[in-house]
Amino acid sequence: MSTIEPLNGPKALGAFLRAHREKTTPERVGLPHSTRRRTSGLRREELAQISGISTTWYTWIEQGRDVSISAATLGRLAQALRLQPAEEDYLFSLADIKNPQAYAPVRSPNEPLTQCVHQLNCPGYLLDSCWNMLAWNAQTEQLFYGWLDRDDRPNLLRFMFIHPLARTLLVNWEARAQRIVAEFRAETSHYAHLDEIRQTVLSLREESSVFNQWWMQQEVLAREGGERLFMHPSQGPVRYLQQTFFPAGSNELKLVMLVEQTSDS
């Protein structure tokens, strides 16, 4: 009977590293080729040396022993094996460690993604890890008229607590804003190394006593969709169903859509 390969944990991590070590040629990592080699891939001691760890320690990892591994060590192994981004993310997931390099701030989304936002027939916008509004369509600007048309660097979190429009535009602002703080705390656990995240939180805690109070409560909630009610100054009450998507290849971005709900929906 064949052994079923584990899908995660130390054994799966060791199997993944071994497979990629055996596929990595010495030439690929700058080592001289030798005709006396019994295998075309790297030896354990070679990979360990390139990664700056002891051969014994690496052997234990590859054997699937339950040893403590730091993010820095995994990063060096990924670099030595020339792993692609998806492979590196998978390596970190097997070790149940967050990759500090996986989430970098995006200053502008790529053109195809921006085009997708503008082709939506409902309010839609892109948020980065700090909840900066990177792109939005005309319907979104109409919904948030008085903010998006005037702010050079719009940030959704700052809008909720600093801009006066938020408290009149969003129905039941207090409940929504309190939940948003808990959602933001949950999401930013992935980006704790980013200075922009820390600066956003620090400035809001100084500028908004309400944000500071709710931030100090340490509540954490997963982002969820659902009904969103607005009291638009010209359109009156508007009801939307919010959906959030994460574009492939852009883990740090979120595409938010607000699908309008009629009274018959």
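See the structure above.
This one's a predicted model, so the numbers in the text were calculated from it and none came from an experiment.

Turning next to the overall build of the protein. Per the secondary structure count, the protein includes twelve helices and five strands. Counting the 265 residues in the protein, one finds 44% classified as buried. Here the analysis covers contacts within the protein between residues at least 6 apart in sequence; of these, 51% occur between residues at least 24 apart. Of the roughly 15,000 Å² of accessible surface on the protein, 50% is carried by carbon and sulfur atoms.

Look at helix α1 (residues 10-23) against helix α3 (residues 55-62): their axes get within 7 Å of each other, and the N-to-C directions meet at 115°. As judged from the angle between their axes, α1 and α3 are roughly perpendicular. The segment α1 lies against α3, with P10, L13, G14, A15, L17, R18 and R21 engaging Y58, I61 and E62. In terms of residue class, the contact of α1 with α3 is built from six nonpolar, one polar and three charged.

One open sheet holds the five strands; their spatial order is β2-β1-β5-β4-β3, and the pairing between them is antiparallel. Edge positions in the open sheet fall to β2 (133-136) and β3 (226-232), since each of these has one partner strand only. Here the average twist between neighbouring strands, direction ignored, is 30°. The sheet contact formed by strand β1 (residues 124-127) and strand β5 (residues 254-260) spans four bridges and is antiparallel. Note that in β5 the partner of L127 across the bridge is K254.

Time to look at the environment of R223. If you trace the backbone, R223 turns up in the loop between α12 (209-215) and β3. Spatially, the C-alpha atoms of R223 and R179 are 8.9 Å apart, while their sequence positions differ by 44 residues. Apart from the residues lying within four places of it in its own chain, the contact partners of R223 are L127, W131, E183, E187, Q242, T244, K254 and V256. In terms of polar contacts, R223 uses its side chain to reach the side chain of E187, at 3.0 Å. A distance of 3.4 Å separates a polar atom in the side chain of R223 from a polar atom in the side chain of T244.

Close contact between helix α2 (residues 44-51) and helix α4 (residues 71-80) brings their axes to 9 Å; oriented N to C, the two are set at 120°. Between α2 and α4 lies a crossing of right-handed hand. Two secondary-structure elements touch here, α2 through L47, I50 and S51 and α4 through R76, L77 and A80. Its residues placed into classes, the contact of α2 with α4 shows four nonpolar, one polar and one charged.

Scoring rules and cut-offs
- Residues numbered from 1 in each chain as written.
- Predicted model: local features only at pLDDT ≥ 70, side-chain atom pairs only at ≥ 80, totals over all residues.
- Heavy atoms only, no water.
- Helix = DSSP H or I, 4+ residues; strand = E, 2+ residues; numbered from the N terminus.
- Buried < 20%, exposed > 50% of the residue type's maximum accessible area, 1.4 Å probe, protein only.
- Contact = heavy atoms within 4.5 Å.
- Areas by Shrake-Rupley, 256 points an atom, 1.4 Å probe, with all protein chains shown as cover.
- Axes fitted to C-alpha atoms, helices over the stretch in contact; angles between N-to-C directions.
- Parallel < 35°, antiparallel > 145°, perpendicular 65-115°, else oblique.
- Nonpolar A, V, L, I, M, F, W, Y, C, P; charged D, E, K, R; others polar.
- Pairing = 2+ DSSP bridges.
- Polar contact = N/O pair within 3.5 Å; in protein donor to acceptor, adjacent residues only side chain to side chain.
- Left-handed = near helix turned anticlockwise from the far one by under 90°.

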